[in-house]
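Spelled out from the first residue to the last, the chains are:
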Amino acid sequence: MNQKTSRLTISGLCIALGLVLPFLTGQIPQIGSMLLPMHIPVFLCGLICGWQYGLAVGFIVPLLRSVLFTMPPFFPTAISMAFELATYGLITGLLFGSREDRSPASLYKAIVAAMLAGRVVWGAVQTLLLTMNGGAMTFEIFLTSGFLNAIPGIIVQLTLIPALIVALDRSGLLLPAPASRSAAR
């Protein structure tokens with residue numbers, strides 16, 4: 001199987017996981033919003049497949065999940081999440097997925113940078129959408145929703161995602177970086 005087909009297949013799997021994983025916490029919405037299960041496959045896609053795939057999967061998953069299952073609510077939540085998750089996929093892919101340096105330090109830098117950038121994008125889009133609708137987003141709401149309430153999910157992501165990537169790498173199942181593919185030609 002060629003690399004493009006592998007990346008498309010993994011991206012499809014990540015979309016499916018992004019649709020299904022929230023059902024594990026869906027009965028208790030407060031836990032789901034704290035554990036952030038939809039974020040995990042997007043991070044994995046960006047790390048494994050690269051920025052283009054991570055960006056697309058991140059943008060598609062919350063919107064598709066909203067249309068199919070009405071959760072998260074489309075406006076403003078799914079829309080702002082689409083931009084947030086697209087940023088996660090983009091940043092992790094740019095900082096890790098397309099590089100030769102796939103060390104644990106590089107992995108953590110990519111994840112943390114993506115988390116910060118994604119939350120800033122989420123806050124900006126959420127502010128724009130709420131303002132257009134006559135609402136408001138305060139800095140306190142941004143900090144609480146984007147960071148404090150997300151601490152359990154951040155801990156899960158910083159623990160689970162690197163462990164999965166390291167395991168895939170050690171098993172030889174991690175796709176080579178796109179840069180190494182073109183260098184091999």
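Our subject is the structure listed above.
Residues numbered from 1 in each chain as written. Predicted model: local features only at pLDDT ≥ 70, side-chain atom pairs only at ≥ 80, totals over all residues. Heavy atoms only, no water.

Asker: Explain a nonpolar patch on the surface to me, please; I cannot follow it from the model alone.
Answerer: Side chains of Val20, Phe23, Ile60, Leu64, Leu68 and Phe69 sit close together on the surface and give an oily, nonpolar patch of about 500 Å² of accessible area. Looking at the nonpolar patch, the element that brings in the most residues is helix 4 (residues 51–69), giving four residues. Classification of Leu68 by relative accessible area gives partly exposed; the value is 49%. (Patch = residues over 30% accessible without salt bridge, like charges linked within 9 Å, V, L, I, M, F, W, Y side chains within 5 Å. Areas by Shrake-Rupley, 256 points an atom, 1.4 Å probe, with all protein chains shown as cover. Salt bridge = Lys/Arg side-chain N within 4 Å of Asp/Glu carboxyl O. Helix = DSSP H or I, 4+ residues; strand = E, 2+ residues; numbered from the N terminus. Buried < 20%, exposed > 50% of the residue type's maximum accessible area, 1.4 Å probe, protein only.)

Asker: Explanation requested: the packing of helix 3 (residues 39–49) against helix 4 in the structure shown.
Answerer: For any two helices packed against each other, one specifies the inter-axial angle together with the distance between the axes. Axis separation between helix 3 and helix 4 bottoms out at 7 Å; the angle between their running directions is 160 degrees. Taken together, the axes of helix 3 and helix 4 are roughly antiparallel relative to one another. Read as a crossing pair, helix 3 and helix 4 show a hand that is right-handed. Note on element contacts: helix 4 touches helix 3 through Trp51, Tyr53, Gly54, Val57 and Gly58, opposite Val42, Cys45, Gly46 and Cys49. Looking at the contact of helix 3 with helix 4 residue by residue, the class counts come to six nonpolar, three polar and no charged. (Axes fitted to C-alpha atoms, helices over the stretch in contact; angles between N-to-C directions. Parallel < 35°, antiparallel > 145°, perpendicular 65-115°, else oblique. Left-handed = near helix turned anticlockwise from the far one by under 90°. Contact = heavy atoms within 4.5 Å. Nonpolar A, V, L, I, M, F, W, Y, C, P; charged D, E, K, R; others polar.)

Asker: What is the right way to look at the nonpolar core in this model?
Answerer: If you look at the biggest cluster of nonpolar residues, it comprises 32 residues, and the most contacted ones within it are Phe43, Leu47, Ile48, Val57, Ile111, Ile161 and Ile165. Counting residues per element, the ones that place at least two in this core are helix 1 (3–20), helix 3, helix 4, helix 5 (74–97), helix 6 (104–132) and helix 8 (151–171). When residues in this core are grouped by element, the largest group, eight residues, is from helix 3. Excluding residues within four positions of it along the chain, Phe43 makes contact with Tyr88, Thr92, Ile111, Ala114, Met115, Gln157 and Ile161. Formed by six residues, the second largest nonpolar core is a distinct cluster that contains Leu63, Ile79, Ala82 and Val125. (Core = buried A, V, L, I, M, F, W, Y, C linked by side-chain atoms within 4.5 Å.)

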